[in-house]
Amino acid sequence: MSLIDPDTNIESGAGLQPKPTSPIKRVVVGVVSDKLGLVGVIICAIMVLAAIFAPWIAPQNPYDLAQLDIMDNRMPPGEVSFSGVTYLLGTDDQGRDLFSAILYGLRTSLFVGISSAAIALVIGASVGIFSAFFGGRTDAFLMRIVDIQLSFPPILIALILLAILGQGVDKIVIALVVTQWAYYARTIRGSALVERRRSYVDAARCLALPTHRVMFNHILPNCLPPLIVVATMRVAYAISLEATLSFLGIGLPVTEPSLGLLISNGFAYMLSGDYWISVFPGLALLLLIVGINLVGDTLRDVLNPRMQK
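Residues numbered from 1 in each chain as written. Predicted model: local features only at pLDDT ≥ 70, side-chain atom pairs only at ≥ 80, totals over all residues. Heavy atoms only, no water.

Here's the deal with the overall build of the protein
Argument step 1. For the protein, the count of helices and strands is twelve helices and four strands.
Argument step 2. A sequence separation of at least 24 residues applies to 69% of the contacts in the protein between residues at least 6 apart.
Argument step 3. A total of about 16500 Å² of accessible surface is found on the protein, and carbon and sulfur atoms cover 67% of it.
Argument step 4. Here the protein carries 21 positive and 21 negative side-chain charges, and the mean point of each set is 16 Å from the other. (Helix = DSSP H or I, 4+ residues; strand = E, 2+ residues; numbered from the N terminus. Contact = heavy atoms within 4.5 Å. Areas by Shrake-Rupley, 256 points an atom, 1.4 Å probe, with all protein chains shown as cover. Lys, Arg positive; Asp, Glu negative; His and termini not counted. Charge placed at Lys NZ, Arg CZ, Asp CG, Glu CD.)

Here we look at helix α2 (residues 35-52)
Given 3.6 residues per helical turn, the α-helix brings residues three or four places apart onto the same face.
Argument step 1. For α2, which comprises 18 residues, the first-to-last C-alpha distance of 26 Å matches the rise-based estimate of 26 Å (1.5 Å per residue) to within 8%.
Argument step 2. Within the sequence span of α2, burial applies to G37, G40, I43, C44, M47, A50 and A51. Seen from one end, α2 has its buried residues packed into an arc of 165°, which puts them on one side. Across from the buried face of α2, at angles greater than 90 degrees, the exposed residues are K35 and I46. (Expected span 1.5 Å × (residues − 1). Buried < 20%, exposed > 50% of the residue type's maximum accessible area, 1.4 Å probe, protein only. Arc of directions from axis to C-beta.)

Re the packing of aromatic side chains
Argument step 1. Overall, the coordinates contain five aromatic pairs when judged by the stated rule.
Argument step 2. Pairing F130 with F134 gives two aromatic rings, centres 4.5 Å apart and planes at 50°, and the pair type is tilted. Separated by four residues within a single helix, F130 and F134 lie in helix α4 (residues 98-134), roughly one turn from each other.
Argument step 3. Among the aromatic side chains, those forming a connected cluster through ring pairs are F130, F133 and F134.
Argument step 4. Across from the ring centre of Y237, 4.3 Å away, lies the NZ or CZ of R234, which sits over that ring. (Phe/Tyr/Trp six-rings, centres within 6.5 Å; stacked < 30°, edge-to-face > 60°. Lys NZ or Arg CZ within 6 Å of the ring centre and 35° of its normal.)

A short note on the packing of helix α10 (residues 224-247) against helix α11 (residues 259-267)
Argument step 1. The geometry of α10 relative to α11 is characterised by a closest axis approach of 7 Å and an angle of 35° between their N-to-C directions. The element α10 and its partner α11 pack so that their crossing is right-handed. Between α10 and α11, the residues in contact are A243, S246 and F247 and G260, L261, I263, S264 and F267, respectively. (Axes fitted to C-alpha atoms, helices over the stretch in contact; angles between N-to-C directions. Left-handed = near helix turned anticlockwise from the far one by under 90°.)

Notes on helix α7 (residues 169-196)
Argument step 1. Taking 1.5 Å per residue, 28 residues should reach 40 Å; α7 reaches 38 Å between its end C-alpha atoms and fits that length.
Argument step 2. When the local axis directions of α7 are compared, the greatest deviation, roughly 35°, occurs at Q180. (Bend = angle between axes of the 7 residues up to and from the residue.)

Quick word on the pattern of salt bridges
Argument step 1. Within the structure shown, the criterion is met by eight salt bridges.
Argument step 2. A salt bridge links R189 to D139, with the shortest nitrogen-to-oxygen separation between them at 2.7 Å. Of this pair, R189 sits in helix α7 while D139 is found in helix α5 (residues 136-151), placing the two residues 50 residues apart along the sequence. For the residue pair R189 and D139, the accessibility class agrees, reading buried in each case.
Argument step 3. One continuous salt-bridge network, built from bridges that share partners, spans R144, D147 and R186. (Salt bridge = Lys/Arg side-chain N within 4 Å of Asp/Glu carboxyl O.)

A word on the packing of α10 against helix α12 (residues 276-303)
Argument step 1. Axis separation between α10 and α12 bottoms out at 9 Å; the angle between their running directions is 165°. It follows that α10 is roughly antiparallel to α12 by the angle criterion. Regarding α10 and α12, the two cross each other, and that crossing is left-handed. For the pair α10 and α12, the contacting residues are P225, I228, V229, T232, M233, V235, A236, I239, S240 and A243 in the first and L285, L288, I289, I292, N293, V295, G296, D297, L299, R300 and L303 in the second.
Argument step 2. Taken together, the residues of the contact of α10 with α12 sort by class into 15 nonpolar, four polar and two charged. (Parallel < 35°, antiparallel > 145°, perpendicular 65-115°, else oblique. Nonpolar A, V, L, I, M, F, W, Y, C, P; charged D, E, K, R; others polar.)

A few points about the environment of A238
Argument step 1. Structurally, A238 is set in helix α10.
Argument step 2. For A238, a relative accessible area of 0% translates into the label buried.
Argument step 3. Setting aside residues no more than four positions away along its own chain, A238 makes contact with G113, S116, L176 and Q180.

Section: the confidence of the model for the protein
Argument step 1. For the protein, per-residue confidence averages 83 on the pLDDT scale, and residues scoring 70 or more make up 91% of the total.
Argument step 2. Long-range and interchain partners of residues 1-17, a stretch whose pLDDT sits below 50, account for ten contacts in this model, where long-range means more than four residues apart. (pLDDT = per-residue confidence, 0-100.)

Notes on the state of the cysteines
Argument step 1. Evaluated as defined, the whole model comprises zero disulfides.
Argument step 2. The cysteine C206 is free of any disulfide, with C223 supplying the nearest cysteine sulfur at 20 Å. (Disulfide = S-S within 2.5 Å.)

A short note on unusual backbone geometry
Excluding glycine, a negative phi dihedral is what most residues carry, and trans is how most peptide bonds are arranged.
Argument step 1. The backbone of R74 sits at a positive phi, close to 55°, despite the residue not being glycine.
Argument step 2. Relative to the assigned elements, R74 resides in the loop between α3 (54-57) and β3 (79-80).
Argument step 3. Looking at R74, the relative accessible area reads 32%, which means it is partly exposed.

What follows is the structure, encoded as structure tokens:
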């Protein structure tokens, strides 16, 4: 007859390691044990570190006109310039080193994607919890606003806002926040409706705790797992949407190019054989989005109670 260890919840003598009980430890172990999740973490870590240390890694500041030589424009990968500089990924039509431009473009894309997703998360989470906690007409009114927001294509809303606000990093962050906050509100409302009926919420009300404390100190922490998954996915979506807008020429200005604008700069030369101007920034953008999505898929499986054994 086998014995059950109550602390590890496994049979004694099975030789298995106890499952981690800490939520953070469980997430870390779950992501590392998943091969695709680990690949996504490695990709994201490399991309983030490359963006942070771009001024020290990049051989050239691509936005310093004093360092550019127009005679080095459209040089193929591995070509050596007259000054003896080797361009690993070639140069664009303005003579910028593409390797350096991609590193600096990663900084802009990651900043826009992460900052817009973070601001939209705060706004959407606040609206969703407020709507679920008070219910009634307040819930109906706020959710109708969310429904109207979700009924329009995000790119259409972003195009209208940028046409009004103009170009700039702050402008595109505002446009991305407006297009994303409703997703967070809808997600957290569903979880908050379930948590609102829990006994700990009734106990907090009996203790006459302030409403904001019940919502944000008690309900919100229990709604974080689905919110984290959605936030991860929305970061990738925000980066791709910003790249689309920059490719169309209405996102970021030329002085602050992202990966999307780098792709746009080389699009006109694709048919002339200068493929590298668009292909290499496009591969960097694709790799970044794939890495984030892999992490998001793994987090969805790890944080989903139905997937836990």
